[in-house]
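Coordinate inspection notes
So you can see what is in the structure, the chains are spelled out below.
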Amino acid sequence: NHIAEDNGFSRPKEYHLTRLEVATGSVAVPGKSEAIALLVHQDNPLSSLTLDQLARIIDCGDQPRPISTWGDLGLKGEWAARPIRIHGYDFSTRTGRWLQDRVAGKDRRLCWDRTSEYADQRRLDGTVARAADRAGDGGRGDPSALVIANAAQAHGGLKLVALSDGAGAVPPAR
């Protein structure tokens, strides 16, 4: 109920507030834009990534130093040589294109050799297997996975990773 907020604006300004819904997001509500989250295997010691690192993971174009192994992110021991395998939204979907625009910019030379894409898929019984669920399932079977899905996938062996623009990592909320 926004009546109190509207009155608090309208009375002193002497004109009515106009509300515009610009975007909506959700963890995993059908019909709403999903809030994208990054996940890794529960045993992976990584706790955060920057947007620049994510760009260098998914984009194999003109990156000065592409990131292809967990060691490239500073992980040591058995994790250092493991390749990063990407499980995420189909990059031809609205969510996939948004991710490319936000992370990779104009460059579209993604690392296809280590990327598994998932789109919504209709099952024989008429129900829909959602892309995020399919990406999460793919990542659960792959200890070297970086899953790009939503926070609802943080179960069954996957944990959330904080994302930063360089000013400080923000852990995702479930």
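These remarks concern the structure in this document. All figures in this text were calculated on a predicted structure; none of them were measured in a lab. (Residues numbered from 1 in each chain as written. Predicted model: local features only at pLDDT ≥ 70, side-chain atom pairs only at ≥ 80, totals over all residues. Heavy atoms only, no water.)

1. A look at the overall build of the protein chain
The line we're drawing: Going along the chain from the N terminus, every DSSP run of H or I of four or more residues is numbered as a helix, and every run of E of two or more is numbered as a strand. Only heavy atoms matter for contacts: two residues are in contact if any of them lie within 4.5 Å across the pair. The accessible surface values rely on the Shrake-Rupley method and a 1.4 Å probe; as for residues, cover is taken only from the protein chains in view.
Broken down by element type, the protein chain carries 4 helices and 9 strands. In the protein chain, the order of α-helices and β-strands from amino to carboxyl end is α-β-β-α-β-α-β-β-β-α-β-β-β. Summarising the internal contacts of the protein chain: among those between residues at least 6 apart in sequence, 60% fall at separations of at least 24. As displayed, the protein chain offers around 10200 Å² of accessible surface, 51% of which is attributable to carbon and sulfur atoms.

2. Details of the nonpolar core
Rules: Here, the term nonpolar core denotes a set of buried Ala, Val, Leu, Ile, Met, Phe, Trp, Tyr and Cys residues that are joined through side-chain atoms within 4.5 Å. Think of it in three bands: residues with accessible area under 20% of the maximum for their type are buried, residues over 50% are exposed, and the middle band is partly exposed, with areas taken using a 1.4 Å probe on protein chains only.
Counting residues in each nonpolar core, the largest one holds 23 residues, and the members touching the most others are Leu46, Leu49, Ile57, Ile58, Trp70, Leu73 and Leu146. If you list the elements that add at least two residues to this core, you get strand S1 (36-41), helix H2 (51-58), helix H3 (94-104) and strand S7 (145-150). Of the residues forming this core, the biggest block, 5 residues, is contributed by H2. Not counting residues within four places of it along the chain, the set of residues in contact with leucine 49 comprises Leu38, Ile57, Leu73, Leu146, Val161, Ala162, Leu163 and Ser164.

3. Notes on the environment of proline 66
Tracing the chain through its elements places proline 66 in the loop between H2 and strand S3 (85-89). The spacing of proline 66 and alanine 55 is 11 residues in sequence and 8.5 Å in space, taken between C-alpha atoms. Filtering out sequence-adjacent residues up to four positions away, proline 66 remains in contact with Arg56 and Asp72.

4. Some words on the pattern of salt bridges
Heads up, the condition is: We count a salt bridge whenever a side-chain nitrogen from Lys or Arg sits within 4 Å of a carboxyl oxygen from Asp or Glu.
Enumeration according to the criterion identifies 5 salt bridges in this entry. For arginine 85, the salt bridge is made with aspartate 142, and the minimal N-O distance between the two is 2.8 Å. Of this pair, arginine 85 sits in strand S3 while aspartate 142 sits in the loop between helix H4 (131-140) and S7; the two residues are 57 residues apart in sequence, bridging distant segments of the chain. Aspartate 120 serves as the salt-bridge partner of arginine 130, at 3.7 Å between the closest nitrogen and oxygen. Of this pair, arginine 130 sits in the loop between strand S6 (128-129) and H4 while aspartate 120 sits in the loop between strand S4 (115-118) and strand S5 (121-122), and the two are 10 residues apart along the sequence.

5. With respect to H4
Stated precisely, the cut-off is as follows: Read the arc as the range of directions from the helix axis to the C-beta atoms.
Burial in H4 covers these residues: Ala131, Ala132, Ala135, Gly136 and Gly139. The arc enclosing the buried residues of H4, seen along the axis, measures out at 135 degrees, which places them on a common side. Considering only its buried residues, H4 is in contact with S3, S4, S6, S7 and strand S8 (158-164).

6. Notes on the pairing of S3
Worth spelling out the cut-off: Strands are labelled as partners when DSSP assigns at least two bridges between them.
Burial analysis of S3 places 4 of its 5 residues in the buried class, the great majority of the element. Strand direction decides the pairing type here: S3 and S7, joined by 4 bridges, are parallel. Across the sheet, the residue bridging to glycine 88 is isoleucine 148, located in S7. With 4 bridges connecting them, S3 and S4 associate as parallel partners. Within S4, the position partnered with tyrosine 89 by the bridge is tyrosine 118.

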